[in-house]
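# Survey of secondary and tertiary structure
Each chain is listed here by its residues.
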Amino acid sequence: MDSVLAVGVLDDWNGLGKDIIALLVGTVLVIMWLASIAMVWGQTRSVVKAGSTAIGGAIVLGIIASQTVLSNRVAEEIEKDHSALPAITVQVDGLGGAPR
């Protein structure tokens, strides 16, 4: 019974550790995104450049957030059976010996 309790506690700590890492990674990425927008705005004072930085950063953050979904789809695609029926190959020998 003690080993089951120990495994439960370890699973809880493992889950908590993963949650903390996800929170820190998400927070750090958002802070870096906002800092890049502020840096571009501070250097250029251009709304277009700051806006394009914001949009580009949002796209990158979206890709990072959907990484697990994308990796699962790739894994499913790799595991699929892509075997096809044998193809018929026809070899053509130029004119086939016909007189010219």
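Here is a short report on the structure shown in this document. Not measured: the values here are computed from a predicted model. (Residues numbered from 1 in each chain as written. Predicted model: local features only at pLDDT ≥ 70, side-chain atom pairs only at ≥ 80, totals over all residues. Heavy atoms only, no water.)

### A short note on the overall build of the chain
From N to C terminus, the chain includes 3 helices and 0 strands. In the chain, the succession of α and β elements from N to C terminus is α-α-α. Element-wise, carbon and sulfur atoms account for 68% of the exposed surface of the chain, whose accessible area totals about 8800 Å². (Helix = DSSP H or I, 4+ residues; strand = E, 2+ residues; numbered from the N terminus. Areas by Shrake-Rupley, 256 points an atom, 1.4 Å probe, with all protein chains shown as cover.)

### Quick notes on helix H2 (residues 47-65)
Here H2 is 19 residues long and its end C-alpha atoms lie 26 Å apart, about the 27 Å a rise of 1.5 Å per residue gives. For H2, the complete set of buried residues consists of Ala-50, Gly-57 and Leu-61. The buried side chains of H2 occupy one side of the element, clustering within an arc of 40° when seen end-on. Turned more than 90 degrees away from the buried face of H2, the exposed residues are Val-48 and Ile-55. (Expected span 1.5 Å × (residues − 1). Buried < 20%, exposed > 50% of the residue type's maximum accessible area, 1.4 Å probe, protein only. Arc of directions from axis to C-beta.)

### Description of a nonpolar patch on the surface
Where nonpolar side chains cluster on the molecular surface, the patch consists of Val-9, Trp-13, Leu-16, Ile-20 and Leu-24 and spans about 500 Å² of accessible area. Tracing the backbone through its elements, the reader meets Trp-13 in helix H1 (residues 2-44). For Trp-13, a relative accessible area of 59% puts it in the exposed group. (Patch = residues over 30% accessible without salt bridge, like charges linked within 9 Å, V, L, I, M, F, W, Y side chains within 5 Å. Salt bridge = Lys/Arg side-chain N within 4 Å of Asp/Glu carboxyl O.)

### Details of unusual backbone geometry
In the Ramachandran plot, Arg-45 falls in the positive-phi region, its phi being about 55° despite a non-glycine side chain. Considering the arrangement of structural elements, one finds Arg-45 in the loop between H1 and H2.

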